[in-house]
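# Descriptive structure summary
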Amino acid sequence: AEEQPVRTSPAMDQKRMVRTGNRLDDARIQAAAFAALGVVCFAAIAHTCYHFPLFPFQLDDMAWLNAWLATTVLDYYGSTLCLVGIILSTESPGPAIAWSLLCLLLGSPFACAYVVYRLFWFRSLALGDLQAPARMQ
C-alpha cells in the first residue's frame with residue numbers, strides 16, 4: 001500500500017505562508033498568557049492541597065467538597081484552554097470556534113472527539129513538520 005501524504009488544515013497552510021514581524025511578539029504574549037494560566041492553576045491546587053488535604057476523603061465536610069469542586073473546575077478549564085489554544089491555531093475560524101465551544105461547554109467527550117478527528121483526518125497529532133522548533137529570543 002502506498003503511503004499518502006499527511007494532510008494539513010487550511011489554517012495551518014495559511015499560517016505557514018504568513019510571515020509577519022509580529023509573529024515573535026504574538027508567540028511571546030501567548031507564552032506569557034499560558035504560563036500565567038499554569039501558575040494560577042498550580043497555585044490553586046497547592047492552596048487546596050494545603051488547606052484541604054485530598055486524603056483522607058472528607059465527603060461529609062461541605063468546605064472540603066466545595067474547595068475541591070472549585071479546584072477541579074479550574075483545573076479542567078486550565079487544561080481545556082491549552083487545547084483550545086491549539087485548536088484556534090490550527091483550524092480555520094468556523095471549525096475552530098465550534099470545536100472550542102464544544103470542548104469548553106460540553107467537556108472531555110468533545111476534546112476526545114477532536115483528537116479522534118485529528119487522527120482520522122490528518123493521521124497524526126503532530127501540529128506541523130517535525131523539524132527542530134524555532135527558539136524565541
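Further up the page is the structure itself.
Residues numbered from 1 in each chain as written. Predicted model: local features only at pLDDT ≥ 70, side-chain atom pairs only at ≥ 80, totals over all residues. Heavy atoms only, no water.

## Section: the overall build of the protein chain
Here is the rule: We count a stretch as a helix when DSSP gives it H or I for four or more residues in a row; a strand needs E for two or more, and each element gets its number in order from the N terminus. Three exposure classes are used, based on accessible area relative to the maximum for each residue type with a 1.4 Å probe and protein chains only: buried under 20%, partly exposed in between, and exposed over 50%. In this analysis, two residues are considered to be in contact whenever any of their non-hydrogen atoms come within 4.5 Å of each other.
Secondary structure assignment for the protein chain yields five helices and zero strands. Helices and strands in the protein chain line up, N terminus first, as α-α-α-α-α. Classification of the 137 residues of the protein chain by burial places 20% in the buried group. Partitioning the intrachain contacts of the protein chain with sequence separation of at least 6 by distance along the chain shows that 57% fall at a separation of at least 24.

## With respect to the packing of helix 2 (residues 23-51) against helix 3 (residues 62-90)
Which entries qualify depends on this criterion: With axes taken as lines fitted to C-alpha atoms, and helix axes fitted only over the stretch in contact, angles between N-to-C directions fall between 0 and 180 degrees. Geometric relationships in this document are graded by angle, where less than 35 degrees denotes roughly parallel, more than 145 denotes roughly antiparallel, 65 to 115 denotes roughly perpendicular, and other angles denote oblique. Two helices cross in a left-handed way if the nearer one is turned anticlockwise from the farther one by less than a right angle. They cross in a right-handed way if the turn is clockwise.
Running from N to C, helix 2 and helix 3 point in directions that differ by 160 degrees, and their axes come no closer than 10 Å. Taken as axis vectors, helix 2 and helix 3 run roughly antiparallel relative to one another. Crossing hand, helix 2 versus helix 3: left-handed. Listed contacts from helix 3 to F34, L37, V40, C41, A44, I45, T48 and C49 of helix 2 are A67, W68, T71, L74, D75, G78, L81, C82 and G85.

## Focus: the packing of helix 3 against helix 4 (residues 93-106)
Stated precisely, the cut-off is as follows: Residue polarity follows a fixed list, in which Ala, Val, Leu, Ile, Met, Phe, Trp, Tyr, Cys and Pro are nonpolar, Asp, Glu, Lys and Arg are charged, and the others, Gly among them, are polar.
The contact between helix 3 and helix 4 brings their axes to 9 Å, and the two run at 170 degrees. In terms of orientation, helix 3 and helix 4 fall into the roughly antiparallel class. Of the residues in helix 4, those touching helix 3 at Y76, Y77, T80, L81, L83, V84, I87 and L88 are A96, W99, S100, C103 and L104. Looking at side-chain class alone, the contact of helix 3 with helix 4 contains 11 nonpolar, two polar and no charged residues.

## Focus on unusual backbone geometry
Residue P56 is bonded to the preceding F55 through a cis peptide linkage, with omega at -5 degrees. Here P56 is to be found in the loop between helix 2 and helix 3. One non-glycine residue, R123, lies in the positive phi region at around 60 degrees. Structurally, R123 can be placed in the segment after helix 5 (108-122). Residue classification places R123 among the partly exposed positions, given a relative accessible area of 41%.

## Re helix 2
Quick note on the threshold: Given the number of residues in a helix, its expected span is that number minus one, multiplied by 1.5 Å.
Here helix 2 is 29 residues long and its end C-alpha atoms lie 42 Å apart, about the 42 Å a rise of 1.5 Å per residue gives. If you check which residues of helix 2 are buried, you get L37, C41, A44 and T48. Residues of helix 2 that are buried make contact with helix 3.

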